[in-house]
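Chain by chain, the residues:
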Amino acid sequence: MPSKASGLTKPERLYLRDDIRCLFEKSSGSFIAYPLRVVYRIAPKSDGDKPALSVLISVAKKRFKHAVDRNRVKRLIREAYRIQKSPLYNEVETKGLTIHFALLMLDKELPSFSQVTAAVQKTLHRLEREVARYEQ
């Protein structure tokens, strides 16, 4: 479990090139929770020191030209995820699984925090259902 229950530590972030390539090449599925597109991979937990959830947050330069706007959107998504991740984390831990997933921004306009929170909530509920259906 992460050191801070509601924190988002570095190991919980998906940043290694091989992990990201594996996520997109061998994904378990994807769906849209507008304004986010979610690509996920569910696998049995292999390493004890890696976290159960790893997230990648991406905002395309094509959609938001200014770095200030891209950083703002990423910060909103990170905060919404950080606040709501506990139920999914507990579910994944009890089942002994690992989920890597990417949250990709689709919209071209700056979203409000309530829009992002609703999209992240839909995403996490959908991932909980996928974990419940997962067969090893």
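Before reading further, recall that the structure is shown in the block above.
Residues numbered from 1 in each chain as written. Predicted model: local features only at pLDDT ≥ 70, side-chain atom pairs only at ≥ 80, totals over all residues. Heavy atoms only, no water.

K.L.:
Tell me about the environment of His-66, and name the residues and values.
P.N.:
Here His-66 lies in the loop between strand S3 (53-58) and helix H2 (67-84). The exposure class of His-66 is exposed, given its relative accessible area of 54%. Sequence separation between His-66 and Glu-130 is 64 residues; the distance between their C-alpha atoms is 35 Å. (Helix = DSSP H or I, 4+ residues; strand = E, 2+ residues; numbered from the N terminus. Buried < 20%, exposed > 50% of the residue type's maximum accessible area, 1.4 Å probe, protein only.)

K.L.:
Could you give me a rundown of the environment of Glu-79, with the residues and numbers involved?
P.N.:
Considering the arrangement of structural elements, one finds Glu-79 in helix H2. Separated by 38 residues in sequence, Glu-79 and Thr-117 have C-alpha atoms that sit 8.6 Å apart.

K.L.:
Go over the packing of aromatic side chains with me, naming the residues and quoting the values.
P.N.:
Tallying each qualifying case throughout the model produces 2 aromatic pairs. When the ring of Phe-31 is compared with that of Tyr-40, the centres are 5.9 Å apart and the planes differ by 55°; the resulting orientation is tilted. Judged by its relative accessible area of 8%, Phe-31 falls in the buried class. With a relative accessible area of 5%, Tyr-40 lands in the buried category. Aromatic side chains Tyr-81 and Phe-101 sit 5.7 Å apart centroid to centroid with 70° between the ring planes, which places their arrangement in the edge-to-face category. Residue Tyr-81 is located in helix H2, and its partner Phe-101 is located in strand S4 (residues 97-105); the two are separated by 20 residues in the primary sequence. (Phe/Tyr/Trp six-rings, centres within 6.5 Å; stacked < 30°, edge-to-face > 60°.)

K.L.:
Can you lay out the environment of Val-59 for me, pointing to particular residues and giving the numbers?
P.N.:
Residue placement: Val-59 occurs in the loop between S3 and H2. Each C-alpha atom, one on Val-59 and one on Leu-97, is 27 Å from the other, the two residues being 38 residues apart in sequence. Those residues in contact with Val-59 that sit more than four places away from it in its chain are Phe-64, Arg-70, Val-73, Lys-74 and Met-105. (Contact = heavy atoms within 4.5 Å.)

K.L.:
Summarise a positive patch on the surface; cite the residues concerned and give the values.
P.N.:
On the surface, Lys-61, Lys-62, Arg-63, Lys-65 and Lys-108 cluster together into a patch of positive charge. The residue Lys-62 is located in the loop between S3 and H2 in this model. (Patch = residues over 30% accessible without salt bridge, like charges linked within 9 Å, V, L, I, M, F, W, Y side chains within 5 Å. Areas by Shrake-Rupley, 256 points an atom, 1.4 Å probe, with all protein chains shown as cover. Salt bridge = Lys/Arg side-chain N within 4 Å of Asp/Glu carboxyl O. Lys, Arg positive; Asp, Glu negative; His and termini not counted. Charge placed at Lys NZ, Arg CZ, Asp CG, Glu CD.)

K.L.:
I'd like a description of the nonpolar core, backed by residues and values.
P.N.:
By size, the foremost hydrophobic cluster in this structure holds 31 residues, and its most contacted members are Leu-53, Tyr-81, Leu-88, Val-92, Ile-99, Phe-101 and Leu-103. For this core, the element with the highest residue contribution is helix H4 (residues 113-133), accounting for 6 residues. In this view, Phe-101 contacts Leu-14, Leu-23, Val-38, Val-39, Tyr-40, Leu-53, Ser-54, Val-55, Leu-56, Tyr-81, Leu-124 and Leu-127; residues no more than four positions away in its chain are not counted. Ranked by size, the runner-up nonpolar core spans 6 residues in total, among them Leu-23, Val-39, Leu-56 and Ala-102. (Core = buried A, V, L, I, M, F, W, Y, C linked by side-chain atoms within 4.5 Å.)

K.L.:
Let's hear about the pairing of strand S2 (residues 36-44): which residues, and what values?
P.N.:
The pairing of strand S1 (residues 29-33) with S2 spans 5 bridges and is antiparallel. Bridging from a neighbouring strand, Gly-29 pairs with Tyr-40 of S2. The antiparallel hairpin formed by S1 and S2 contains 2 residues in its connecting segment. Taken together, the 9 bridges between S2 and S4 define a ladder with antiparallel strand orientation. Bridging across to S4, Arg-41 finds its partner in His-100. (Pairing = 2+ DSSP bridges.)

K.L.:
An account of the sheet that holds S4 is needed here, citing residue identities and associated values.
P.N.:
Spatially, 4 strands are ordered S1-S2-S4-S3 in an open sheet, and the strand pairing comes out mixed. Of all the strands in the sheet, the pair left with one neighbour each is S1 and S3. Adjacent strand axes in the sheet meet at a mean angle of 20° when their direction is disregarded. Where S3 and S4 come together, 6 bridges link them in parallel fashion. Its bridge partner lying in S4, Leu-53 is registered against Ile-99. Each of S3 and S4 touches helix H3 (residues 86-95); the most contacted strand, S4, lies at about 150° to it. (Axes fitted to C-alpha atoms, helices over the stretch in contact; angles between N-to-C directions.)

Taken by themselves, the reported measurements are silent on function.
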